[in-house]
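Spelled out, the chains give:
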Amino acid sequence: MIKKLDNLLDKVSFYSIVICVAGMLLLTVLNIILRWFNTTMLWIDPLVRHLVFLSAFFGGVLATGRDNHIRIDLISKVLEKFQKEKLILWIDRIVHIVAMIATFLLTKAGLDFAKMELEFGKVAFLGIHSGALTAIIPVGMGLIFLRYLLRFLLTFSKVELDE
Amino acid sequence: MSSVVYLGIFIYALIGGPIFAVMSLFALSAFYFADIQMSAVAVEIYRTAGAPTLLTIPLFTFAGYMMAESKSPQRLLRLANAALGWLPGGVAIVSLVICAFFTAFTGASGVTIIALGGLLYPMLINENYSEEFTLGLITTSGSLGLLFPPSLPIILYGIIAKVDIDKLFVAGIIPGLLLIIILSAYSIFSGRKTKNLVRQPFSFSELKAAMKFARYEIPLPFIVLGGIYGGFITATEASALTALYVVIVVCFLYKDLSLKEDVPKVIKESMTLVGAILLILCCALGLTNYLVDEEIPMQILSSMKEFITNKYVFLLFLNIFLLIVGAMMDIFSAIIVVVPLILPVAQEFGVDPIHLAIIFLTNLEIGYITPPVGINLFISSFRFKKPVLSLYKASVPYLILMLIALVIITYIPWLTLVWF
């Protein structure tokens, strides 16, 4: 069940990031072509920037699943040399728990910010309210939190984690 | 209380906590202890969405990964070999040039060693180069093109330091070439000393055939540099055109990869790295802005002024500091965290921000091969299944040469600033 949820989250992030990258690529090229005809669509630039912003979080979810986040893994490398597998597993669990705390707090901070923006913000582009745009943070961080939680739970099962 | 929390976060970083979480926890704690609402951290994170050049990071990285996954490495290798392979130490020079090209496009993320190592290693060994020379060369080359456009660290530096990326792209060219020339000279020297070194004759027909073989890759640097400096496109637009060009070439002209099957996989691969970098960027902004607001750089400056009296001593100190940073931290975190702190200090000592960028990036480039934790050493160890200790030994001559280049780049600012 946990593994299924983890795979589902991976798939959702994967498809979303493909859409984001295709979107940012095609829209930017469209912008260049429009400029040749002395035309501009003012919404393209901010939309592309938010697609990049969104892809940071989906990329973060994928990196969490593959344990690919940038980190100083000096101690685990030393422990691997001395074949302290059990200790490595416990350190890994601590790393997951603290990362969950960090992403949970960031989700909460993002939520507070989005609420404020919904109340005092304004329509940014294409009729999208700035509150909806800032909601990228709590949604993105929430997904990363969820992935950390699932990966943490999976460290207790003997199921092999797939890529 | 605050010291205990900060110490705890520091320990968390040492046991392998993801850097983005470390940065967030530092920022959240700093804001909490300063009685500032935690939502301020989210406000800082959201500021990332306002950076206009941010788009260059995913698109150039995607283009680089597409090329690495296709047969471009083979095509470019054949071309470089046909053009330079006849020189004494020619194949080694070919390796340097080709790795520099790929690193510039893949952002010094280890992809170069993984993608090209398997091709270059047997080539160099077949030409009778020693294993130590070969391993050292490929390990060093894995980050060699970092100063050339459109390298990811240059873009990230520009965003963080608020320096014009177009200027940074051009500023890195001569220092980047200097590094290649110095390492090429060493390769020629080693080639002359190597017994039974195989040297291939120059063949014009092979060069012509290789150029035809790589006809779609050859225009790439011209699209990026020519487009930007010809005033036709911005760096952001160049990234989109490069990505589109690479997709068309790889999927439709060469037919190396399938648009439906392979491209989404490449997007996943490249965006995992991009996501990891952008998350650090988002989360570190809160912390670095807080440190700048608290005037930490100015405090560093005033304490430094007690024992550092001029620009040249400062540059020496800066190099030593950055070499340590480069050997301990990955390049992306180092840029995001360290640049906002040293930039105001360097400006006070009269160091040009563009010159500082190139010094900074050269140091971090050297950090990639600096024992004990230079990342290229581990990637090579993994790729070629050799003990890390043998990589330490193999990289020493290259490390010394790169340090010589660093001194030249640091103390002759003209090399960087000649364009402006």
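Residues numbered from 1 in each chain as written. Chains lettered and ligands numbered in written order. Predicted model: local features only at pLDDT ≥ 70, side-chain atom pairs only at ≥ 80, totals over all residues. Heavy atoms only, no water.

Engineer: Any chance you could explain the overall build of chain A here in plain terms?
Structural biologist: Broken down by element type, chain A carries 6 helices and 2 strands. Sequence-ordered secondary structure for chain A, helices as α and strands as β, is α-α-α-α-β-β-α-α. Taken against the 2.2 N^0.38 rule, which gives 15 Å for 163 residues, the C-alpha radius of gyration of chain A at 20 Å runs more than 25% over that of a compact globule. The principal-axis extents of the C-alpha atoms in chain A amount to approximately 65 × 35 × 30 Å. In chain A, which comprises 163 residues, the share counted as buried stands at 45%. A separation threshold of at least 6 residues defines the contact pool for chain A, and within that pool the share at least 24 residues apart is 71%. With an accessible surface of roughly 8,800 Å², chain A has 69% of that area assigned to carbon and sulfur atoms. One finds the centroid of the 18 positive side-chain charges in chain A at a distance of 2 Å from the centroid of its 14 negative side-chain charges. (Helix = DSSP H or I, 4+ residues; strand = E, 2+ residues; numbered from the N terminus. Rg over C-alpha atoms; globule rule 2.2 N^0.38 Å. Buried < 20%, exposed > 50% of the residue type's maximum accessible area, 1.4 Å probe, protein only. Contact = heavy atoms within 4.5 Å. Areas by Shrake-Rupley, 256 points an atom, 1.4 Å probe, with all protein chains shown as cover. Lys, Arg positive; Asp, Glu negative; His and termini not counted. Charge placed at Lys NZ, Arg CZ, Asp CG, Glu CD.)

Engineer: Looking at this model, I keep getting lost on a nonpolar patch on the surface. Mind explaining?
Structural biologist: All names here are of chain B. On the surface, Tyr312, Leu316, Ile320, Ile324, Met328, Val407, Tyr411, Ile412, Trp414, Val418, Trp419 and Phe420 cluster together to form a nonpolar patch covering roughly 1,200 Å² of accessible area. When contributions to the nonpolar patch are tallied by element, the ones reaching two or more residues are α17 (311–328) and α21 (388–411). Considering every element that reaches the nonpolar patch, the biggest residue donor is α17, with 5 residues. You can see Leu316 is positioned in helix α17. (Patch = residues over 30% accessible without salt bridge, like charges linked within 9 Å, V, L, I, M, F, W, Y side chains within 5 Å. Salt bridge = Lys/Arg side-chain N within 4 Å of Asp/Glu carboxyl O.)

Engineer: What should I look at first to understand the pattern of salt bridges in this one?
Structural biologist: A pair can form between side chains of opposite charge whenever their charged atoms are brought close. By the definition in use, this model includes 14 salt bridges over all chains. The salt bridge partner of Asp10 of chain A is Arg147 of chain A, with a shortest N-O separation of 3.0 Å. In this pair, Asp10 of chain A is assigned in helix α1 (residues 2–36) and Arg147 of chain A in helix α6 (residues 136–154), connecting sequence segments 137 residues apart. Assigned by exposure class, Asp10 of chain A and Arg147 of chain A land together as buried. Note that Asp256 of chain B is salt-bridged to Arg75 of chain B, the shortest N-O span being 2.6 Å. On the criterion of sequence distance, the pair formed by Asp256 of chain B in the loop between α14 (235–253) and α15 (262–293) and Arg75 of chain B in helix α5 (residues 72–84) is long-range, its members being 181 residues apart. Connected through shared salt-bridge partners, Asp6, Asp10, Arg147 and Arg151 of chain A together with Lys268 of chain B make up one network.

Engineer: Explain the layout of surface pockets to me, please; I cannot follow it from the model alone.
Structural biologist: Rolling a probe over the atoms, with the probe sized like a water molecule, indicates the empty space that remains. Residue and element names in this part refer to chain B. Of the pockets and cavities examined, the second largest pocket occupies roughly 650 Å³. Lining the second largest pocket we find 23 residues, and of these Val97, Ala100, Phe101, Phe148 and Pro221 sit closest to its centre. Among the elements of the structure, α5, α6 (90–106), α11 (173–193) and α13 (220–229) are those that each provide at least two residues to the lining of the second largest pocket. The biggest single contributor to the lining of the second largest pocket is α6, with 6 residues. Residue composition of the lining of the second largest pocket, grouped by class: 22 nonpolar, no polar and 1 charged. (1 Å grid on protein atoms, 1.4 Å probe; cavity = no way out; pocket = protein on both sides within 12 Å on 5 of 7 lines; lining within 4 Å. Points joined across faces, edges and corners; volume = space filled by probe spheres on them. Nonpolar A, V, L, I, M, F, W, Y, C, P; charged D, E, K, R; others polar.)

Engineer: When you look at the nonpolar core in this model, what are you seeing that I'm missing?
Structural biologist: Nonpolar side chains tend to gather and get buried jointly when the protein is soluble and globular. Residues and elements named next belong to chain B. Among the nonpolar cores identified, the biggest contains 198 residues, and Met66, Tyr157 and Ile335 are the most heavily contacted of them. Ranked by residues supplied to this core, first place goes to α15 with 17 residues. Once residues within four sequence positions are removed from consideration, Tyr157 is found in contact with Lys162, Val163, Leu168, Ile335, Val339, Leu343, Pro353, Leu356, Ala357 and Phe360. Listed in part, the 5 residues of the second largest apolar core include Leu79, Ala82, Ala210 and Ala214. (Core = buried A, V, L, I, M, F, W, Y, C linked by side-chain atoms within 4.5 Å.)

Engineer: Looking at this structure, I do not really get the interface of chain A and chain B. What am I missing?
Structural biologist: Size of an interface, as often reported, equals the accessible area lost when the parts are brought together. The partner chain B presents 57 residues to the 53 residues of chain A that form the contact. Buried surface at the junction of chain A and chain B, both sides included, amounts to about 4,800 Å², of which 80% is carbon and sulfur. The three residues of chain A that bury the most area against chain B are Leu25, Ile70 and Ile72 of chain A, which together make up 15% of that side's buried surface. If you look at where chain A meets chain B, you find 3 salt bridges. Ionic pairing is found between Arg35 of chain A and Glu237 of chain B, a salt bridge with its closest N-O pair at 2.5 Å. For the pair chain A and chain B, the number of links is 9 residue pairs in polar contact (both at pLDDT 80 or more). The set of elements that each furnish at least two residues to the side of chain A that touches chain B consists of α1, α2 (44–65), α3 (74–81), α4 (85–120), α5 (130–134) and α6 of chain A. (Buried area = accessible area lost by both parts, 1.4 Å probe. Polar contact = N/O pair within 3.5 Å; in protein donor to acceptor, adjacent residues only side chain to side chain.)

Engineer: Looking at this structure, I do not really get the packing of aromatic side chains. What am I missing?
Structural biologist: Aromatic rings considered in pairs are described by the distance between their centres and by the relative angle of their planes. Applying the stated rule across the entire model yields 23 aromatic pairs over all chains. Ring geometry for Phe133 of chain B and Tyr186 of chain B: centres 6.0 Å apart, planes at 35°, overall tilted. Residue Phe133 of chain B is found in helix α8 (residues 131–141), and its partner Tyr186 of chain B is found in helix α11; the two are separated by 53 residues along the sequence. Residue class for Phe133 of chain B comes out buried when judged on its relative accessible area of 8%. We classify Tyr186 of chain B as partly exposed; its relative accessible area is 21%. Judged by centre distance (5.3 Å) and plane angle (85°), the rings of Tyr186 of chain B and Tyr398 of chain B are edge-to-face. Taken as a pair, Tyr186 of chain B in helix α11 and Tyr398 of chain B in helix α21 lie far apart in primary sequence, 212 residues in all. The exposure class of Tyr398 of chain B is buried, given its relative accessible area of 1%. Each member of the aromatic cluster is reached from another via a ring pair, and the members are Phe53, Phe57 and Phe113 of chain A together with Tyr46 of chain B. Above the ring of Tyr254 of chain B, the side-chain terminus of Arg75 of chain B is found at 3.4 Å from the ring centroid. For Lys268 of chain B, the ring lying beneath its charged end belongs to Phe14 of chain A, and the centroid distance is 5.4 Å. (Phe/Tyr/Trp six-rings, centres within 6.5 Å; stacked < 30°, edge-to-face > 60°. Lys NZ or Arg CZ within 6 Å of the ring centre and 35° of its normal.)

Engineer: Sorry if this is basic, but what is going on with empty space enclosed by the protein here?
Structural biologist: One pass over the full model with this rule turns up 2 cavities of 30 Å³ or more. Approximately 60 Å³ is the volume found for the largest cavity. Forming the walls of the largest cavity are Asp67, His69, Arg71, Asp92, Val95, His96 and Tyr148 of chain A together with Pro18 of chain B. With 3 residues, the top contributor of residues to the lining of the largest cavity is α4 of chain A. Of the residues belonging to the lining of the largest cavity, the class tally is 3 nonpolar, 2 polar and 3 charged.

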